[in-house]
Amino acid sequence: MSNFIVRKAAVLGAGVMGAQIAAHLANAEVPVLLFDLPAKEGEANGIVNRAIDALRKLEPSPLASQDRVAYIDAANYAQHLEQLRDCDLIIEAIAEKSEWKDDLYRQIAPFVSPAAIIASNTSGLSINRLSEALPEALRSRFCGIHFFNPPRYMHLVELIATQTTDPAPLDNLESWLVSRLGKGIVRARDTPNFVANRVGVFSILAVMHHTERLGLGFDVVDALTGPIIGRPKSATYRTADVVGLDTLAHVIKTMQDTLPDDPWHDHYAVPTWLAALIGKGALGQKTRCGIFRKDGRAIKVLDLAAQDYRESAAEIDPGVLAILKNRNPAEKFAQLRASEHPQAQFLWAIFRDIFHYAAFHLAEIADNARDLDFAMRWGFGWAQGPFESWQAAGWQAIAAAVKADVDAGQAMSPVALPAWVFGQVAVKGVHTPRGSYSASADAYQPRSALPVYQRQIFPERVLSEAAVGGSTVWENEGVRLWTLPQIDDGIAIVSVKTRNHTLGREVIVGLQEAVARAEADYRALVLWHEAPFAFGANLKEVSEAIAAGQFDLLETYVAEFQNTSMALKYAKVPVVAAVQGMALGGGCEFLMHAAKRVIALESYIGLVEAGVGLIPAGGGCKEFAIRAAQQAAKTAGNDPFEFIQPVFMTVAMATVSKSGAQARELGFASDSDKVVFNARELLYIALREARGLAEAGHYPRLSPRQIKVAGRTGIANCEMMLVNMREGGMISAHDYAVAKAAATALCGGAVETGSLVDEQWLLSVERQLFVELLKNEKTQQRIAHTLATGKPLRN
């Protein structure tokens with residue numbers, strides 16, 4: 001793997017994208033200089049300082065934790081260009097005007113280190129054209145680096161080389177972006193709007209064209225183009241509102257101006273109704289009015305016929321819905337094409353035109369079909385790229401149907417499908433186990449050979465791509481114990497198999513068995529599976545036991561849950577938890593008991609039991625009580641409550657971390673635990689962490705015997721906070737009761753302050769309080785409501 005490291009970066013332009021790119025660099029602990037023009041009034045860095053302040057308020061937050069903002073330093077072009085000399089990476093993210101970028105490049109050129117990489121975050125301007133403004137000596141280290149908004153959360157980054165870009169720095173940059181920033185890279189050709197926006201914006205234009213042609217409502221179209229066809233919940237028109245209608249119009253204009261010979265050029269135009277909205281200042285979400293408008297709690301949608309907003313009441317025709325639920329893609333597309341219902345005709349038309357467009361332009365815009373499909377998955381949130389959808393439905397049948405529609409004048413362009421569609425691809429498909437088809441090379445291309453990708457044991461795959469296998473050692477209904485002999489057969493991996501990785505009885509028993517087998521036959525154990533890490537206890541099992549009055553059984557279940565936590569903590573071999581996505585309730589407790597944690601940046605971890613009227617009872621409260629005692633012992637006052645107080649609010653308010661980094665701040669993980677930006681590297685790193693612990697001579701920890709607890713005084717102090725919250729209307733009476741139970745568990749029970757207890761005492765306090773809450777009618781109502789709606793009940 002490359003040794004290329006960005007020790008310091010600069011972002012030129014403190015607008016929405018520039019500031020958020022700077023934030024994500026800071027998330028990765030890269031110091032950043034954020035530049036903009038000097039302010040005309042007041043402090044010279046006023047523009048940048050306001051942008052930095054805005055980062056703190058944005059939701060979802062671009063910052064993995066609030067302290068990351070300290071890594072961003074404000075700068076302006078008039079005073080601070082000299083500081084560019086220390087930067088390894090300079091990203092330009094100013095407005096999409098070539099002449100402005102030219103001027104800026106000429107301004108910064110004398111201050112750029114010869115070893116620095118310069119990159120433009122343009123979303124569609126020619127990278128070759130932009131490079132002309134740089135001195136020849138810097139052009140070999142210049143490229144396009146197109147982040148998608150918001151940069152922290154969107155996986156895609158398009159890298160675009162110029163004719164003179166040196167391949168080595170580009171490879172280094174790709175490797176660094178993949179591993180350090182956690183991105184999925186697509187190498188795009190230097191064509192207008194590159195790959196994702198080129199195909200994505202066309203797909204929006206196709207939707208708009210067929211919406212108008214078939215007279216469908218915007219809300220109906222959003223119902224048709226959302227999750228039901230593997231697209232994001234925001235679908236098409238809601239996405240346009242979120243992006244900004246003026247921004248969308250700008251991208252369309254770029255295509256109109258730069259692609260005069262494109263066979264679809266006539267459709268690269270802003271619809272009249274969209275231009276009218278923009279003219280009125282109705283730009284979408286940022287102006288609170290666009291295609292959709294929120295009136296109080298009601299969502300209204302623009303009705304073109306009435307020239308006014310109406311209640312949104314979208315319904316998919318039952319017959320069309322039945323077709324969409326058909327799990328056979330070939331049958332589904334055939335039925336859509338054959339149907340006379342406008343909704344079905346609409347769906348077939350948008351897929352047909354996207355297939356047609358992607359096939360025609362593949363050779364021009366992307367190296368291969370895999371890159372184009374990944375661009376749409378990572379940049380636009382599609383479940384499958386267009387070529388995957390086409391191949392899944394039967395390549396030859398879809399190709400014949402598209403050709404027939406083109407020949408009949410029904411497609412958006414009369415241009416013929418390219419010849420390669422009917423060549424070897426017709427037999428093999430565009431995606432095969434050995435690679436994906438490149439139209440420009442007329443060959444199948446394997447994945448990138450860059451060493452960084454060897455860290456992804458289970459990379460994201462396209463249709464028909466071969467998967468890495470593992471050898472099963474043992475499994476039950478809840479978990480699978482397995483190994484990867486080709487990587488490290490001395491380390492066992494245990495994966496939860498249940499839906500959303502809920503922790504029912506089969507999982508509890510299975511994890512205990514997995515630990516025992518790892519102790520007998522392996523050097524270490526890694527707890528890993530795809531996100532989510534775990535949604536906590538199986539509430540359905542709990543609810544059924546409550547209904548049957550089986551509270552003794554429930555207490556036994558909680559005891560077994562605690563035994564599993566303790567088995568993880570005191571295993572003879574190191575247990576490493578590899579965490580990504582949601583890790584809630586019992587899932588959080590399990591990772592807290594592991595010897596070490598490796599946590600994906602996008603992990604959301606918390607003890608959320610209060611939401612269903614319960615307290616953590618899998619050892620979570622116990623672990624915090626032990627840590628408070630250990631931290632207090634290092635202070636002059638030796639008062640555990642000093643460390644219980646912030647934890648109490650975290651547990652009582654069911655606080656969930658907004659990142660892996662924040663999980664450390666909240667105490668769910670240790671400062672020494674690694675936060676991994678690319679979740680695809682999680683297992684690779686966890687295996688090495690486990691091997692390292694084993695090689696270092698891991699020895700089971702001793703259970704602490706004299707744990708000083710906060711006791712009754714600690715509970716009383718917590719209650720003082722609760723009284724204020726109850727009187728202020730912030731919590732209900734039952735919230736109060738649940739929170740008091742949490743305080744009691746965290747403080748070691750209603751014992752004398754400063755009492756010395758052992759671990760089993762703390763577990764018994766948790767368990768008894770948990771079971772008592774299960775008997776409470778209001779807790780039972782909360783559990784039932786959560787099972788029925790997926791949402792918490794405030795009662």
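Residues numbered from 1 in each chain as written. Predicted model: local features only at pLDDT ≥ 70, side-chain atom pairs only at ≥ 80, totals over all residues. Heavy atoms only, no water.

Q: I keep staring at the environment of Val 402 and nothing clicks. Help me out?
A: Following the sequence through the fold, Val 402 ends up in helix α17 (residues 395–407). Overall, the relative accessible area of 0% leaves Val 402 in the buried class. Measuring from C-alpha to C-alpha, the distance between Val 402 and Asn 328 comes to 19 Å, with 74 residues separating the pair along the chain. Val 402 has contacts with Trp 348, Arg 352, Phe 355, His 356 and Leu 417, leaving out every residue within four places of it along the chain. (Helix = DSSP H or I, 4+ residues; strand = E, 2+ residues; numbered from the N terminus. Buried < 20%, exposed > 50% of the residue type's maximum accessible area, 1.4 Å probe, protein only. Contact = heavy atoms within 4.5 Å.)

Q: Looking at this model, I keep getting lost on unusual backbone geometry. Mind explaining?
A: Among all residues save glycine, negative phi is the norm, and among peptide bonds the norm is trans. Here the amide bond leading from Asn 149 into Pro 150 is cis, since omega sits at 0 degrees, within 30 degrees of zero. By the element assignment, Pro 150 lies in the loop between β6 (142–147) and β7 (156–161). Unusually for a residue other than glycine, Arg 288 sits at a positive phi of about 65 degrees. Within the secondary structure, Arg 288 sits in the loop between α11 (272–279) and β9 (292–295). You can call Arg 288 exposed: its relative accessible area is 73%.

Q: Looking at this structure, how should I read the environment of Gly 319?
A: Counting through the fold element by element, Gly 319 comes out in helix α12 (residues 318–324). According to the relative accessible area criterion, Gly 319 is partly exposed, its value standing at 40%. Measuring from C-alpha to C-alpha, the distance between Gly 319 and Ala 64 comes to 45 Å, with 255 residues separating the pair along the chain.

Q: When you look at helix α21 (residues 539–547) in this model, what are you seeing that I'm missing?
A: Given 3.6 residues to a turn, an α-helix orients residues that are three or four positions apart in the same direction. Listing the buried residues of α21 in full gives Leu 539, Val 542, Ala 545 and Ile 546. One side of α21 carries all its buried residues, which in axial view fall inside an arc of 125 degrees. Of the residues in α21, the exposed ones pointing more than 90 degrees away from the buried face are Lys 540 and Ala 547. Buried residues along α21 sit in contact with α22 (551–569), α30 (759–774) and α31 (777–789). Of the residues that open α21, the one with a side-chain oxygen 3.1 Å from the backbone nitrogen of Lys 540 is Asn 538. Once α21 finishes, Gly 549 follows within two positions and takes phi at roughly 70 degrees, a positive value. (Arc of directions from axis to C-beta. Polar contact = N/O pair within 3.5 Å; in protein donor to acceptor, adjacent residues only side chain to side chain.)

Q: What is the right way to look at helix α7 (residues 196–214) in this model?
A: Spanning 19 residues, α7 covers 27 Å between terminal C-alpha atoms, matching the ideal 27 Å at 1.5 Å per step. By the criterion of burial, α7 is predominantly enclosed, with 16 of the 19 residues buried. One or two residues past the end of α7 sits Gly 215, with phi positive at roughly 70 degrees. (Expected span 1.5 Å × (residues − 1).)

Q: Sorry if this is basic, but what is going on with the sheet that holds strand β3 (residues 72–76) here?
A: Ordered by their spatial adjacency, eight strands build an open sheet running β3-β2-β1-β4-β5-β6-β7-β8, and the pairing between neighbours is mixed. Taken across any chain shown, the strands that pair with only one partner, and hence form the sheet edges, are β3 and β8 (184–188). Each strand axis lies, on average, 25 degrees off the axis of its neighbour in the sheet, ignoring direction. (Pairing = 2+ DSSP bridges. Axes fitted to C-alpha atoms, helices over the stretch in contact; angles between N-to-C directions.)

Q: When you look at the sheet that holds strand β10 (residues 298–303) in this model, what are you seeing that I'm missing?
A: Within a sheet, each strand pairs with its neighbour through backbone hydrogen bonds, oriented either parallel or antiparallel. Ordered in space as β9-β10-β11, the three strands form an open sheet in which the pairing is antiparallel. Each edge of the sheet is formed by a strand with only one pairing partner; in this case those strands are β9 and β11 (308–311). Neighbour-to-neighbour, the strand axes of this sheet turn through a mean angle of 40 degrees, independent of strand direction. Of the pairings in the sheet, the one linking β10 to β11 comprises four bridges and is antiparallel in character. Counterpart to Asp 303 in the pairing with β11 is Asp 308.

Q: So what exactly am I meant to see when it comes to the layout of surface pockets here?
A: Take a probe with the size of a water molecule and roll it over the atoms, and the empty space left behind shows itself. Of the volumes computed, that of the second largest pocket is approximately 880 Å³. Taken together, 33 residues line the second largest pocket, and the ones lying closest to its centre are Phe 535, Gly 536, Ala 537, Leu 539 and Thr 786. Going through the elements one at a time, α21, α22, β19 (575–584), α23 (586–593) and α31 are the ones with two or more residues in the lining of the second largest pocket. In terms of residue class, the lining of the second largest pocket is built from 16 nonpolar, twelve polar and five charged. (1 Å grid on protein atoms, 1.4 Å probe; cavity = no way out; pocket = protein on both sides within 12 Å on 5 of 7 lines; lining within 4 Å. Points joined across faces, edges and corners; volume = space filled by probe spheres on them. Nonpolar A, V, L, I, M, F, W, Y, C, P; charged D, E, K, R; others polar.)

Q: Hey, could you run me through the pattern of salt bridges in this one?
A: Side chains bearing opposite charge may pair, as long as their charged atoms lie close to each other. Inspection of the entire model under this criterion finds 51 salt bridges. For Arg 187, the salt bridge is made with Glu 174, and the minimal N-O distance between the two is 2.8 Å. Taken together, the residues span a long stretch of sequence, with Arg 187 in strand β8 and Glu 174 in helix α6 (residues 167–179) at a distance of 13 residues. With relative accessibility at 23%, the residue Arg 187 sits in the partly exposed group. What makes Glu 174 buried here is its relative accessible area of 4%. For Lys 540, the salt bridge identified is with Glu 544, shortest N-O distance 2.7 Å. Of this pair, Lys 540 and Glu 544 both sit in helix α21, separated by four residues, roughly a single helical turn. A relative accessible area of 44% places Glu 544 in the partly exposed class. Salt bridges sharing common partners tie together Lys 569, Lys 622, Glu 623, Arg 627 and Glu 759. (Salt bridge = Lys/Arg side-chain N within 4 Å of Asp/Glu carboxyl O.)

Q: Explain the pairing of β3 here, please?
A: Successive side chains on a regular strand alternate, one facing one side of the sheet and the next facing the other. Inspection of the sheet shows strand β2 (residues 32–36) paired to β3 by five bridges, in the parallel sense. When the bridges of β3 are listed, Phe 35 appears paired with Ala 75. The β-α-β motif built from β2, the intervening helix α2 (residues 46–57) and the parallel element β3 has right-handed crossover chirality. (Right-handed = clockwise from strand over helix to strand, strands pointing away.)

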